[in-house]
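Here are the chains, one letter per residue:
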Amino acid sequence: MNSLFLLLTLLLCTASHTIPTLSTTDSIAYPSIPGTETTTDCFNNDELVPVRREVYGGGRIFDISHRYTPDMPSWESEDGVGQFLWLPKSMKNGSQANNSEMKLPTHTGTHVDAPGHVIDHYFDAGFDVDTLDLDVLNGQALLVDVPRDKNITAEVMKSLNIPRGVRRVLFRTLNTDRRLMFKKEFDTSYVGFMIDGAQWLVDNTDIKLIGIDYLSVAAFDDLIPSHLVFLEGRDIILVEGLKLDDVQPGIYSVHCLPLRLLGAEGSPIRCILIK
């Protein structure tokens, strides 16, 4: 009997190394991707390795949000975000469950700006992230490549030839090529909108969602003026710190959801593109 049991066990282990486990992509939070199927090791089943990815659904869904890490850049800091996550209640220390706590600025990583960010009477009136229009934050969007040798001026905006009727545009710039969002030290030389580029966009396009690939849509030298142009009318939403690596320019469906933080002028946001 013992010999028969051992033989069956060996046969099952052999099969598990040759036949991929069935994918349950539609029903689990951690979908498998082709070529990364896990197998069962009957003699070493205590090693669990989660798969982290940027693309889902066979190349159809792109996660364009940055993963939060202590080394990601923070505004005007040389040291990055630093520790932002703690585990005050740990099962290893006797708690019934693990419960983390998080503390970080609301304009960290991939995030959204509300009108109260730079206009104080809007802040006092309650124009926070909970008032942002989800219809603007979700829908058809255009991803464009900005000329790499300059900030986004009126001249650059004209050269992009963005037609009327386009409501959501994600601007990929030199920031992506330089991988600035992957560098801990804040860099004031990032590419963003100059005030004339911001004004040209407001006056000559129908764009209501502006996305960019560093911590601010506005160039450092025109930081507040460009923000004021965009946010004064309270109809344009700014999404900053997008991860636009390895995504082809073109038309996608964008989906961005900020946290409902009552009273907050900014919020971390999860954004995806769907072909």
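Here's a quick rundown of the structure.

What about the environment of S95?
Mapped onto the elements of the fold, S95 is located in the loop between strand 3 (85-89) and strand 4 (99-102). Classification of S95 by relative accessible area gives partly exposed; the value is 24%. When near neighbours in sequence (up to four residues on either side) are disregarded, S95 contacts K89 and S90.

Remarks on the side chain of D213
Along the chain, D213 turns up in the loop between strand 8 (209-212) and helix 7 (223-231). One buried charged side chain, D213, makes no salt bridge at all; its nearest oppositely charged neighbour is R148, positioned 6.3 Å away. A polar contact of 2.8 Å, which involves the side chain of D213, links it to the backbone nitrogen of T173. For D213, the side chain forms a polar contact with the side chain of N175, separated by 3.0 Å. Not counting chain neighbours up to four residues away, the residues in contact with D213 comprise F171, R172, T173, N175, T176, M181, G241, L242 and L244.

Observations concerning the packing of aromatic side chains
Two numbers describe a pair of aromatic rings. These are the distance of the centres and the angle of the planes. Considering all chains together, one arrives at twelve aromatic pairs under this definition. Ring geometry for W75 and F220: centres 6.0 Å apart, planes at 35°, overall tilted. Of the two residues, W75 is situated in the loop between strand 2 (61-63) and strand 3 and F220 in the loop between strand 8 and helix 7; the sequence distance between them amounts to 145 residues. Among the residues examined, W75 registers a relative accessible area of 31% and is labelled partly exposed. The partly exposed category is assigned to F220, whose relative accessible area is 27%. Of the aromatic side chains, those joined through ring pairs into one cluster are W75, F186, Y190, Y214 and F220. Here the basic side chain of R179 rests over the ring of F182, its NZ or CZ set 3.9 Å away from the ring centre. Across the ring face of Y122, the terminal group of R234 is positioned such that the distance to the ring centre comes to 5.0 Å.

Details of the state of the cysteines
Enumeration over the complete set of coordinates arrives at one disulfide. Here C256 pairs with C271 through a disulfide, and the sulfurs are 2.2 Å apart. Looking down the S-S bond of the C256 and C271 bridge, the torsion is 120°, so its handedness is right-handed. Remark: C271 occurs in strand 11 (residues 266-274) and C256 occurs in strand 10 (residues 250-258); sequence separation between them is 15 residues. Judged by its relative accessible area of 0%, C271 is buried.

Considerations on the side chain of R168
Along the chain, R168 falls in strand 7 (residues 168-172). One buried charged residue, R168, remains without a salt bridge, the closest side chain of opposite sign being D135 at 4.7 Å. Polar contacts involving the side chain of R168 include one to the main-chain carbonyl oxygen of V136, which spans 2.9 Å. Those residues in contact with R168 that lie beyond four places of it in its chain are D135, V136, N138, G139, Q140, A141, L142, L209 and V254.

A few points about the environment of V136
With respect to the helices and strands, the residue V136 is situated in helix 3 (residues 134-137). In the structure, V136 is positioned 99 residues away from D235 in sequence and 9.0 Å away in space, judged by C-alpha atoms. Aside from chain neighbours lying at most four places away, what touches V136 is R167, R168, K208, L209 and I237.

Overview of the packing of helix 6 (residues 195-204) against helix 7
Across the interface, helix 6 lies against helix 7 with an axial gap of 8 Å and an inter-helix angle of 10°. Compared by their axis directions, helix 6 and helix 7 come out roughly parallel. Of the residues in helix 7, those touching helix 6 at I195, A198, Q199, L201 and V202 are P225, S226, V229 and F230.

So, the pairing of strand 8
Strand residues, when the strand is regular, have side chains that alternate between the two faces of the sheet. Here strand 8 shows two buried faces, one formed by L209 and G211 and the other by I210 and I212. Looking at chain direction, strand 7 and strand 8 are connected through four bridges and run parallel. In the sheet register, L170 faces strand 8, and the bridge partner there is G211. Pairing geometry for strand 8 and strand 9 (residues 237-240), over three bridges, is parallel. Bridge assignment links L209 to a residue of strand 9, and that residue is I237. The β-α-β motif built from strand 8, the intervening helix 7 and the parallel element strand 9 has right-handed crossover chirality.

Analysis parameters
- Residues numbered from 1 in each chain as written.
- Predicted model: local features only at pLDDT ≥ 70, side-chain atom pairs only at ≥ 80, totals over all residues.
- Heavy atoms only, no water.
- Helix = DSSP H or I, 4+ residues; strand = E, 2+ residues; numbered from the N terminus.
- Buried < 20%, exposed > 50% of the residue type's maximum accessible area, 1.4 Å probe, protein only.
- Contact = heavy atoms within 4.5 Å.
- Lys, Arg positive; Asp, Glu negative; His and termini not counted.
- Salt bridge = Lys/Arg side-chain N within 4 Å of Asp/Glu carboxyl O.
- Polar contact = N/O pair within 3.5 Å; in protein donor to acceptor, adjacent residues only side chain to side chain.
- Phe/Tyr/Trp six-rings, centres within 6.5 Å; stacked < 30°, edge-to-face > 60°.
- Lys NZ or Arg CZ within 6 Å of the ring centre and 35° of its normal.
- Disulfide = S-S within 2.5 Å.
- Axes fitted to C-alpha atoms, helices over the stretch in contact; angles between N-to-C directions.
- Parallel < 35°, antiparallel > 145°, perpendicular 65-115°, else oblique.
- Pairing = 2+ DSSP bridges.
- Right-handed = clockwise from strand over helix to strand, strands pointing away.

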